[in-house]
Amino acid sequence: MKGLSRRGLLGGAAAATGAVAVTLMDDADAAAATRARDRGPVAAPATVYPSDPRYQELTVGYNQRWVGRPDYVRVVSSTEQVVAAVQEAVDTGRRVSVVSGGHCLAPFVFNDEVKMVIDLAGLNDVYFDTRRGAFAVEGGARLSNVYETLYKKWGVTIPGGMCPTVGIGGHTTGGGYGFLSRQFGAVIDHLAAVEVVVVDRSRTARAIVATSDPDDPHHALWWACAGGGGGNFGVVTRFWFRTPGRTGSDPGGLLVNPPKDVLLSAVGIPWSMLDRAKFTALVTNWGAWYESAAAPSSPARALSGVASLAHRSAQNVFLLTQVDAAAPGAEGLLSGYLAALTSGLGVDAVVTAQPAQKLPWLHAVRLIAASIPSFINPTLRGASKSAYLRKSYTPVQAGAMYDALNRTDFANPAGAVTLAGFSGGAINAVPPTRTALAHRDAAFWTLFETQWQDPAADAANIGWLRGLYGAVWSATGGYPVPGEQADGCYINNPDPDITDPAFNRSGVPWQTLYYKDNYPRLQRVKAAYDPRGVFRHAQSITAA
């Protein structure tokens, strides 16, 4: 795939013509028929107005900083209902946004400009599509249901994230990472097709099925939905997953099989045992290990972990690690990893370590999910920023983290730097142009975040996060400019500050930080499939 083909571009742009429209509707109708056979009947749509008791629940997401005031919310349960809702928004001139899981931390879905919210809560089934020979996951499904259904029914999974309530829609369209990604790739590396409701130049809403087949006239739309971020091209009502190269009639052999058992390790290091030098050693050791294990052929791709470096008021920092128990030398891999990360800290520093537990994979998934209390609390406000790393943080950058995490005028235990070892390995085996996800040579990525409940604490928390992030990336204008060490930012952790030159002083536009060299191609797809800009938000892709 050497760029957006003329055939693919024209196929999308011609969607308003009669001949192409018939083809698209035939495909969409066939998909609908398959869904009806494999899933069964669906509920009627629900329209929720401000007078409805449900309205306040349906106009705010996980991040309670952003509250919408739409004319109404349309809760849908089928692709046909989404087409009708989008057409209604276009015909009445209403700005529209879409909710899958509601975890967008930026005001892309809920803001004063949006007048209709389409909530995919009723479009949440997971089933095997016999016609396509792939697993269909509807756009409103959440990760916990996806994992449970795929594994219990067929013994398969997708290598997604660890938060159970995240929606499949935003997670997949941004790329999708988790504890199995170093071993099996990103979620989109198993994406066979998408069903997307788009609006053509004649202002007609319709459903298109786009596939990973390079000969598909709508392949470009599939490519853009595989890492281009949510809310840019249309409403993704359904994803089909099948691991490339898998064939046969047995569904259990068509998608990756997770480990039967994993070794799960949790290590706590008290802040009282960490001075500046030891903290710096921990951070630089972490980066050095993942830098050394980033190659797709690395045997260490069977291991993945996170380091939660919370503010000193949390009392401890934690290392959570998972290893495929069947990997050669799994126990030695884990012990060597922990020894490398804690080298230089002293044997007395790691006082809350527990022996690794060998657990069935799905049990470990549930246990990890239960250890994330912030996603259970429904009243949180939050802010986050991200960075991809090719090489380890420098001692100066680690020192900037130490200073922020030890500030005495800010004492929020939910303020943290999370080093996420979900990149590298199999993710890096895919060329950066095969999907819209361009960050294919990173070693790990980092989430800088803070969460709180009281609106009066907004300024303190946002100011702390900006100070932390700006100090870590001070040498490159406040942001992780793609280069020898860093590789930009993750679109699934959208950052409202990234477009503001007061904070992003790097001179590198936000589009490059998110998409690198893939952005011009994304613009061409936008022009072909959303020529009137129906689907847009504060950081949406603009047409070429």
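Conventions and cut-offs
- Residues numbered from 1 in each chain as written.
- Predicted model: local features only at pLDDT ≥ 70, side-chain atom pairs only at ≥ 80, totals over all residues.
- Heavy atoms only, no water.
- UniProt positions renumbered as here; feature names shortened; annotations may be inferred.
- Helix = DSSP H or I, 4+ residues; strand = E, 2+ residues; numbered from the N terminus.
- Expected span 1.5 Å × (residues − 1).
- Buried < 20%, exposed > 50% of the residue type's maximum accessible area, 1.4 Å probe, protein only.
- Polar contact = N/O pair within 3.5 Å; in protein donor to acceptor, adjacent residues only side chain to side chain.
- Contact = heavy atoms within 4.5 Å.
- Pairing = 2+ DSSP bridges.
- Axes fitted to C-alpha atoms, helices over the stretch in contact; angles between N-to-C directions.
- pLDDT = per-residue confidence, 0-100.
- Phe/Tyr/Trp six-rings, centres within 6.5 Å; stacked < 30°, edge-to-face > 60°.
- Lys NZ or Arg CZ within 6 Å of the ring centre and 35° of its normal.
- Core = buried A, V, L, I, M, F, W, Y, C linked by side-chain atoms within 4.5 Å.
- Domains from an automatic or database assignment.

The protein is annotated in an unreviewed UniProt entry as FAD/FMN-containing dehydrogenase from Nonomuraea fuscirosea. In UniProt, the protein has this text filed under Sequence similarities (unreviewed entry): "Belongs to the oxygen-dependent FAD-linked oxidoreductase family." Per UniProt, the protein carries the Cofactor (unreviewed entry) text "FAD".

Draft legend 1. Spatial organisation of helix H9 (residues 276-292). In this model H9 runs 24 Å from its N-terminal to its C-terminal C-alpha over 17 residues, within 8% of the 24 Å that 1.5 Å per residue would give. Turning to H9, its buried residues are Phe279, Thr280, Ala281, Leu282, Val283, Thr284, Asn285, Trp286, Gly287, Trp289 and Tyr290. The N-terminus of H9 is capped by Asp275, whose side-chain oxygen sits 3.2 Å from the backbone nitrogen of Ala277.

Draft legend 2. Representation of the side chain of Asn316. Position of Asn316 among the secondary structure elements: in strand S12 (residues 316-324). According to the relative accessible area criterion, Asn316 is buried, its value standing at 19%. Discounting chain neighbours no more than four positions away, the residues touching Asn316 are Ile269, Pro270, Trp271 and Ala310.

Draft legend 3. Quick look at the side chain of Arg95. Note on placement: Arg95 falls in the loop between helix H4 (79-92) and strand S3 (96-99). When its relative accessible area of 14% is taken as the criterion, Arg95 is described as buried. Reaching out from Arg95, the side chain makes a polar contact with the backbone oxygen of Arg536 at a distance of 3.4 Å. Ignoring anything within four residues of it in the chain, the contact list for Arg95 reads Glu113, Val114, Lys115, Met116, Arg536 and His537.

Draft legend 4. Broad picture of unusual backbone geometry. Here Arg203, not a glycine, exhibits a phi torsion of approximately 70°, which is positive. Mapped onto the elements, Arg203 comes out in the loop between strand S7 (191-199) and strand S8 (205-211). On the basis of relative accessible area, Arg203 is assigned to the partly exposed category, the value being 38%. Despite not being glycine, Gln315 shows a phi value in the positive range, around 80°. The topology assignment puts Gln315 in the loop between strand S11 (303-310) and S12.

Draft legend 5. Looking closely at the sheet that holds strand S2 (residues 72-75). Pairing within the open sheet is mixed, and its four strands lie in the order S1-S2-S4-S3. The open sheet terminates on both sides in strands that have one partner only, identified here as strand S1 (46-48) and S3. For this sheet, the mean angle separating the axes of adjacent strands, direction not counted, is 25°. The sheet contact formed by S2 and strand S4 (residues 116-119) spans four bridges and is parallel.

Draft legend 6. Layout of the sheet that holds S11. With respect to topology, seven strands assemble into an open sheet ordered S13-S10-S12-S11-S15-S16-S14, the strand pairing being antiparallel. A single partner strand is all that each edge strand has here, and the edge strands are strand S13 (357-360) and strand S14 (381-389). Ignoring which end each strand starts from, the neighbouring axes of this sheet average 20° apart. Where strand S10 (residues 261-270) lies against S12, nine bridges are found, and the strand directions are antiparallel. Paired with Gly268 across the strands is Phe318, a residue of S12. Running over the sheet, helix H10 (residues 330-341) touches S10, S11 and S12 and is turned about 155° from S12.

Draft legend 7. Main features of the confidence of the model for the protein. In the predicted model, the protein carries a mean pLDDT of 91, and the fraction of residues at 70 or more is 90%. Segment residues 1-26 is flagged for pLDDT under 50; beyond a separation of four residues in sequence, or across chains, it makes 41 contacts in the model.

Draft legend 8. Broad picture of the packing of aromatic side chains. Tallied over the full model, the rule gives 30 aromatic pairs. Note on Tyr147 and Trp361: the rings are 6.4 Å apart at their centroids and 70° apart in plane angle, and the pair reads as edge-to-face. Here Tyr147, found in helix H5 (residues 143-154), pairs with Trp361, found in helix H11 (residues 361-370); they are 214 residues apart in sequence, far enough to count as distant. On the accessibility criterion, Tyr147 (6% relative accessible area) is buried. Residue Trp361 is classed as buried on the basis of its relative accessible area, which comes to 3%. A centroid spacing of 6.1 Å and a plane angle of 70° characterise the contact between Trp510 and Tyr514, whose relative ring orientation is edge-to-face. Residue Trp510 and its partner Tyr514 are both found in helix H14 (residues 510-515); the two are separated by four residues, about one turn of the helix. Under the relative-accessibility criterion, Trp510 is labelled buried at 13%. Residue classification places Tyr514 among the buried residues on the basis of a relative accessible area of 3%. Members of the aromatic cluster, connected to one another through ring pairs, are Trp286, Trp289, Tyr290, Tyr337, Tyr393, Phe444 and Trp473. In this structure, Arg132 is placed above the aromatic ring of Trp240, and the distance from its NZ or CZ to the ring centre is 4.9 Å.

Draft legend 9. Local environment of helix H12 (residues 395-405). Buried residues dominate H12, accounting for eight of its eleven residues. Within H12 the residues assigned to the buried category are Gln397, Ala398, Gly399, Ala400, Met401, Tyr402, Ala404 and Leu405. Here the buried face of H12 lies against H9, S11, strand S15 (416-420) and helix H13 (458-472).

Draft legend 10. Summary view of the environment of Ser292. Mapped onto the secondary structure, Ser292 falls in helix H9. Sequence separation between Ser292 and Ser392 is 100 residues, and the spatial gap between their C-alpha atoms is 9.8 Å. A distance of 2.6 Å separates a polar atom in the side chain of Ser292 from the backbone oxygen of Trp289.

Draft legend 11. A look at the nonpolar core. Of all hydrophobic cores here, the largest spans 127 residues; its most connected members are Leu221, Leu309, Tyr393 and Phe448. Looking at which domains feed residues into this core, each of domain 2 (126-257) and domain 3 (261-520) gives three or more. Once residues within four sequence positions are removed from consideration, Tyr393 is found in contact with Val283, Thr284, Ala387, Met401, Leu419, Phe444, Thr446, Phe448, Val472, Trp473 and Gln485. Counting residues in each nonpolar core, the second largest holds 20 residues, with Val86, Val96, Ile118 and Val197 among its members.

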